[in-house]
Amino acid sequence: VTTNQDITDQQEFKKSADPLGIAFALTGALLSAWIAILARQISHIHFSVQVFWFSIGGLVVSIAGMLSVDTEPLFTTWTLTTWLLSIGQAVFALLGAVFLLTALKWISATKNKIVRSFQVVVSYIIQVLAFGTVPHLSDYFGALMIVMAVLGTVLEDKVVKRINCRYF
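Bear in mind that the values here come from a model prediction, so they are computed numbers and not experimental data. (Residues numbered from 1 in each chain as written. Predicted model: local features only at pLDDT ≥ 70, side-chain atom pairs only at ≥ 80, totals over all residues. Heavy atoms only, no water.)

**Student:** Quick rundown of the side chain of Q50? Include the residues and the values.
**Tutor:** Relative to the helices and strands, Q50 is located in helix 3 (residues 47-69). In terms of polar contacts, Q50 uses its side chain to reach the backbone carbonyl oxygen of I45, at 2.8 Å. Residues contacting Q50, with those up to four places away along its chain left out, are A39, I42, S43, I45 and L101. (Helix = DSSP H or I, 4+ residues; strand = E, 2+ residues; numbered from the N terminus. Polar contact = N/O pair within 3.5 Å; in protein donor to acceptor, adjacent residues only side chain to side chain. Contact = heavy atoms within 4.5 Å.)

The structure is reproduced here in structure tokens:
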């Protein structure tokens, strides 16, 4: 049974769906996977060189995106808090890139991406606790799926060692 409220919610969702945002999200996921595979293939190069070039590439993409999408003046309305948060985010992103490139020397790009997806869960927990976002039922389901994927990846090697099968 569908109520009027359900129909209204569906219409509001359709209005709020931004095709450009969806395209950017999918492109970001594809580029992120491609970069992880590329980084694994060039792991013989020192990680500082890789971080430098990936940062330059990210800067170019970010500036192109801001200039093509944003209609407001860039950076002129930022407060000191906004600047400090942005600088902090940049530092954490660089540290994350260093850890990612270091981890790719020991594990495959696939396992790395699955373990990195756990950051989505941690970020969402921070969003709920610090900013008061009200979680939806699908949020819990998505977080559970991510946690299960991470646990499955962590336990994969142990399970494969115990099962003697020629397909593993």
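Now that the structure is up, let's keep going.
**Student:** Can you break down helix 6 (residues 118-131) residue by residue, with the values?
**Tutor:** The terminal C-alpha atoms of helix 6, which comprises 14 residues, lie 20 Å apart, in line with the 20 Å expected from a rise of 1.5 Å per residue. Looking at the residues trailing helix 6, positive phi occurs at G132, about 70°. (Expected span 1.5 Å × (residues − 1).)

**Student:** Summarise the packing of helix 5 (residues 109-116) against helix 7 (residues 137-162); cite the residues concerned and give the values.
**Tutor:** At a minimum axis separation of 8 Å, helix 5 and helix 7 run at an interaxial angle of 140°. Of the possible angle classes, the one that applies to helix 5 and helix 7 is oblique. Taken as a pair, helix 5 and helix 7 cross one another with a handedness that is left-handed. For the pair helix 5 and helix 7, the contacting residues are K111, I114 and V115 in the first and A149, V150, T153, E156 and D157 in the second. Considering only residue class, the contact of helix 5 with helix 7 consists of four nonpolar, one polar and three charged. (Axes fitted to C-alpha atoms, helices over the stretch in contact; angles between N-to-C directions. Parallel < 35°, antiparallel > 145°, perpendicular 65-115°, else oblique. Left-handed = near helix turned anticlockwise from the far one by under 90°. Nonpolar A, V, L, I, M, F, W, Y, C, P; charged D, E, K, R; others polar.)

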